[in-house]
Amino acid sequence: MRILAVFEKGERIRHIGHLDIQRSVQRGLRRSGLPVAYSQGFNPHILITFAQALSTGACGKREIMDVTMAEEVSAEEFVARMNRAMPPEMQVREARAVDAKHPSLMGMVRAADYDLTIRDAEIGARLAEAIPAMMAKETIPALRKTKTKLTEVDIKPLILSIRGEANHVFATLVLTERESCKPQMLLEALKQAAGIEGEVRMLVTRERLLGEDASGVLAPLETL
Amino acid sequence: MDYNEKFEMALEKVQKAPRYTGGEMNTTVKAWDEARLHFGFCFPDTYEVGMSHLGMKILYGLINRESWSLCERFFMPWTDMMDIMKAEGIPLLSMESRRPLRDFDVIGFTLQYEMSYSNILAMIEMGGVPIDSCERGENDPIVVAGGPCAFNPEPLADFIDAFMIGDGEDVMTELNRVILSRRENGWTRGKCLRELAKLEGVYVPSLYDVTYEADGRVRSVTPNCPEASPTVRKRVVVDLNTTYYPEEIPVPYTEVVFDRIMLEIMRGCTRGCRFCQAGMLYRPVRERSLEKLTDLAEKLQEATGYEEISLSSLSSGDYTCLPELIRTLMKNMKDKRVSISLPSLRIDSVLKESLEETQQVRKTSLTFAPEAGTQRMRDVINKGVTEEDLLEKVRDAFHGGWNSVKLYFMDGLPTETEADLDGIADLARKVVSEYFAVPKDRRARGLRVTVSVSIFVPKPFTPFQWAPQDTIETVFAKTGHLKKVLNIKGVTFNWHEPYLSFMEACFARGDRRMGKVLRRAYEKGCILDGWSETFRFDTWMEAFKECDLDPAFYANRERALDEVLPWDHIDSGISKSFLLREWEKSRRAETTKDCRKGCNGCGLQKWKGVCGYANAGGT
């Protein structure tokens, strides 16, 4: 059996990278005493996957891990034991027991809800106000940075929904292996629409990961 | 904008932000107002180095265990962070509750390495506390320090209010109680320091006056008040089974240098290597019991989730029941998928079997420290390793499937000649031959022999405390020679630049005047000297000049045997006559036996009940 668990990456530890988060969860599982399954071989490791890596610098409200258990464990017990074993900034919110055949969540992520909190309230308000103007454009060009190059992409089709409220921008952005819109790309496009130059500080919170249900409608990944 | 918000901003700009953010598992965040005494534990190097240090974890747990005291951690920020903090006026903040250093009642530094001293000044200043002890007022914290370098406290005497000499477990709480009284009884700073001086093992430098000879040598160090005793004897924890050891330790999110459980199996060493300061300072040898260790390992593993346990001590191979300990730990930890890292010198036949059974051995490189290239030189330094010993172990390892061996040596040892340097190359060549002597189909492919040669630094409280260090020019000449003779196929030669070792030597045996040099160099921008990218040797030399002091006086001068040494008022338990005897024997390349084979009369025998191997009648 497997446990799909929803956990938080808190603001204090937002600068921790994905690999370190993974290792911390694994050590948490080892501390919890839960009967996790290990890989075979010379250097056994816990059978665990994460639905989607979260960038360094971003917080996550509902990140998802998928842990294979060696014995039956109830979701309640998993949550209770993990929360004793995990630091306050990485608590498990809820869990669900699924059987071994349940599809892997890794390939099911389609999009994510984000809260972009602009640190400067006045600039935040201006960016929020610029949303309709930006969305009215035919294309929204943005630069995607990879390790080796910068490419221009049109992020308009990647913004599934967007609204502003005070200094927050709430957006649902496409997130698949093939294409994705990073919060930073959206911010740059908004800055351009609002005519703001220079550095704008924001806190990125990934609110939840989304997949598609049987009828093709976006739904929280952990419910699928 | 308050400093907390500025700090958050800084985090977005610096490299490795997680080293500043805290919140790790098993850290303790107590309510500030509920604790009566606030201890700021400072590690004067980066987070990654500090979080690898066992002593800090012990004292962190020990102070937080008491209901009346709290302990929070401070580390040295890297230059990028420091620049922003200075520009934005952000004080040095604690990892736990992000409080400035100046808010704490006690600030405690651990002194592991001489080249972290400039970081101490930086941390004190960034913490909003006056750097000089004499400038601190009634509202400033008491600044204390301990650790191996505290045995020669003089270079830091101007900046540290009180030093703790020796094992910290007992004296820590006693010291905190006195400082608590300062707060609760309204003692003046001066009264508090005099009370601290009454504690065994506590040295308050401002209560001693130092006079000098015309040539700069120390003439005398004398107490200037009745509370200060003429000599300060180190503290010793006699029973490691009953003293405090943490059962849970902080687990960093990011990888630190030693990211594993460190199980201190014993303290002290009986071998008596003459260059080794730790081997003298941590005497006598004391072992933790098998039961205590297996229990601690269990609890620490449950509390941390670590995948690896390493056995920590100066010479783990000497632990009495080592095979039994390893077997028990391996048995208990097997199902938990915890590996035990072994002291590489003891992979003997008995262990090999159980290793193969459990498949827990990772064939990483094996490390040996013959320290010197010839038997004569090894006898001079009393390193009880013979060439045959070493080659036999290397042979076993190559037959066992290893292909990588690291050999550690020192150059610049007393009485060293070119023949001793050539001996290093001979030994390396013999190791290579051992590998090729294993039939091709039975050895692992790709031989790697790494020869690392570090530069000898004479240290206080060792038989070599009188010895000169090689000059920088001599070291370069010797390194050049080693490069030539170590040009051997399959051998990689790692050498060190002498500048850092030279500075280390100045501080290791420095007197109180070295404090002026330290302060001057710090003012000129020296910090993080232990890191090659930030070490500025030329600036240090300018600082010496501006203070009208000669670094060679400290590093390269052979001390006269009747000279007052700057640390003579500190009593390490080891008698000066023993060190002198050892120094003379070294001159004749005469060895001294391991204490386990009989008492050598190092001085501890006069201290009743402290050393288990002491012979009261020993010389």
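On a predicted model such as this, the values are computed, not experimentally measured, just so you know. (Residues numbered from 1 in each chain as written. Chains lettered and ligands numbered in written order. Predicted model: local features only at pLDDT ≥ 70, side-chain atom pairs only at ≥ 80, totals over all residues. Heavy atoms only, no water.)

A.B. asks: Looking at this structure, I do not really get the overall build of chain A. What am I missing?
C.D. replies: Check the secondary structure of chain A and you find five helices and 11 strands. Computed over C-alpha atoms, the radius of gyration of chain A comes to 19 Å, within 12% of the 17 Å expected from 2.2 N^0.38 for 224 residues, which places it in the range of a compact globule. Based on the C-alpha atoms only, the size of chain A along its principal axes is roughly 55 × 35 × 35 Å. Looking at chain A as a whole, 53% of its 224 residues qualify as buried. In chain A, of all internal contacts separated by at least 6 residues, the share reaching a separation of at least 24 is 71%. (Helix = DSSP H or I, 4+ residues; strand = E, 2+ residues; numbered from the N terminus. Rg over C-alpha atoms; globule rule 2.2 N^0.38 Å. Buried < 20%, exposed > 50% of the residue type's maximum accessible area, 1.4 Å probe, protein only. Contact = heavy atoms within 4.5 Å.)

A.B. asks: Is there a simple way to think about the environment of Pro463 of chain B in this case?
C.D. replies: Residue and element names in this part refer to chain B. Considering the arrangement of structural elements, one finds Pro463 in the loop between β17 (448-455) and α15 (472-485). With 116 residues separating them in the primary sequence, Pro463 and Leu579 have C-alpha atoms 4.5 Å apart. Once residues within four sequence positions are removed from consideration, Pro463 is found in contact with Arg274, Met280, Leu579, Glu582 and Trp583.

A.B. asks: For this particular structure, what's the right way to read the packing of helix α1 (residues 18-32) of chain A against helix α9 (residues 290-304) of chain B?
C.D. replies: A pair of packed helices is captured by two measures, namely the crossing angle of their axes and the spacing between those axes. Contact geometry for α1 of chain A and α9 of chain B: axes closest at 6 Å, N-to-C directions at 130 degrees. Here α1 of chain A is positioned oblique relative to α9 of chain B, judged by the angle of their axes. Each of Arg27, Arg30 and Arg31 of chain A in α1 of chain A lies in contact with α9 of chain B, whose residues at this interface are Gln301, Glu302, Ala303 and Thr304 of chain B. (Axes fitted to C-alpha atoms, helices over the stretch in contact; angles between N-to-C directions. Parallel < 35°, antiparallel > 145°, perpendicular 65-115°, else oblique.)

A.B. asks: Explain the pairing of strand β7 (residues 208-212) of chain B to me, please; I cannot follow it from the model alone.
C.D. replies: Put simply, side chains in a regular strand alternate between the two faces of the sheet. Residue and element names in this part refer to chain B. Note that β7 and strand β8 (residues 218-223) share five bridges and pair antiparallel. Each residue of the ladder has a partner; that of Tyr212, found in β8, is Val218. Hairpin connection between β7 and β8: a loop of five residues separates the two successive antiparallel strands, and Gly216 in this loop has a positive phi of roughly 100 degrees. (Pairing = 2+ DSSP bridges.)

A.B. asks: What exactly am I supposed to notice about the packing of aromatic side chains here?
C.D. replies: How two aromatic rings sit relative to each other is given by the distance of their centres and the angle of their planes. Residue and element names in this part refer to chain B. Within the structure shown, the criterion is met by 20 aromatic pairs over all chains. Seen in terms of ring centroids, Trp32 and Phe104 are 4.9 Å apart; in terms of plane orientation they differ by 90 degrees. Their pairing is edge-to-face. Pair noted here: Trp32 is in the loop between α1 (3-13) and β1 (37-43) and Phe104 is in the loop between α4 (79-88) and β3 (106-110), with a separation of 72 residues, a long-range link. Considered together, Trp32 and Phe104 belong to a single accessibility category, that of buried residues. (Phe/Tyr/Trp six-rings, centres within 6.5 Å; stacked < 30°, edge-to-face > 60°.)

A.B. asks: Teacher, can you tell me more about the pattern of salt bridges here?
C.D. replies: Pairing between side chains of opposite charge can happen when their charged atoms approach one another. One pass over the structure, following the stated rule, counts 69 salt bridges over all chains. Taking the shortest distance from any N to any O, the salt bridge between Glu307 of chain B and Arg27 of chain A comes out at 2.8 Å. Placement of the pair is Glu307 of chain B in the loop between α9 and β13 (308-312) and Arg27 of chain A in helix α1, with the two residues belonging to separate chains. For Glu307 of chain B, a relative accessible area of 27% translates into the label partly exposed. Overlapping salt bridges, with partners in common, bring together Glu11, Arg14, Arg119 and Arg201 of chain A together with Glu8, Glu12 and Arg98 of chain B in one network. (Salt bridge = Lys/Arg side-chain N within 4 Å of Asp/Glu carboxyl O.)

A.B. asks: Teacher, can you tell me more about empty space enclosed by the protein here?
C.D. replies: The rolling of a water-molecule-sized probe over the atoms marks out the regions of remaining empty space. Residue and element names in this part refer to chain B. Going through the model one piece at a time under the given rule, you end up with 10 cavities of 30 Å³ or more. In this structure, the largest cavity is lined by 14 residues; those nearest its centre are Tyr20, Phe75, Leu92, Leu93 and Met95. The class makeup of the residues in the lining of the largest cavity is 11 nonpolar, one polar and two charged. When its volume is computed, the second largest cavity comes out at roughly 110 Å³. Forming the boundary of the second largest cavity are 15 residues, of which Arg283, Cys595, Cys602, Cys611 and Tyr613 lie nearest the centre. Here the lining of the second largest cavity is composed, by residue class, of 10 nonpolar, four polar and one charged. (1 Å grid on protein atoms, 1.4 Å probe; cavity = no way out; pocket = protein on both sides within 12 Å on 5 of 7 lines; lining within 4 Å. Points joined across faces, edges and corners; volume = space filled by probe spheres on them. Nonpolar A, V, L, I, M, F, W, Y, C, P; charged D, E, K, R; others polar.)

A.B. asks: Got a minute to help me understand the interface of chain A and chain B in this structure?
C.D. replies: Interface size is commonly expressed as the accessible surface area that is lost when the partners come together. Every contact between the two is made by 24 residues of chain A and, on the other side, 32 residues of chain B. Of the roughly 2,500 Å² buried at the junction of chain A and chain B (both faces included), carbon and sulfur atoms supply 47%. In terms of surface lost to chain B, no three residues of chain A exceed Arg12, Arg27 and Arg30 of chain A, which account for 29% of the buried area on that side. Joining chain A to chain B, the criterion identifies seven salt bridges. Of the charged contacts in the structure, one is a salt bridge between Arg23 of chain A and Glu255 of chain B, with a shortest N-O distance of 3.6 Å. Looking at the side of chain A that touches chain B, the elements that each hand over two or more residues are α1 and α2 (75-85) of chain A. Tallying contributions element by element places α1 of chain A first for the side of chain A that touches chain B, with six residues. Of the residues that constitute the side of chain A that touches chain B, the class distribution is nine nonpolar, three polar and 12 charged. (Buried area = accessible area lost by both parts, 1.4 Å probe.)

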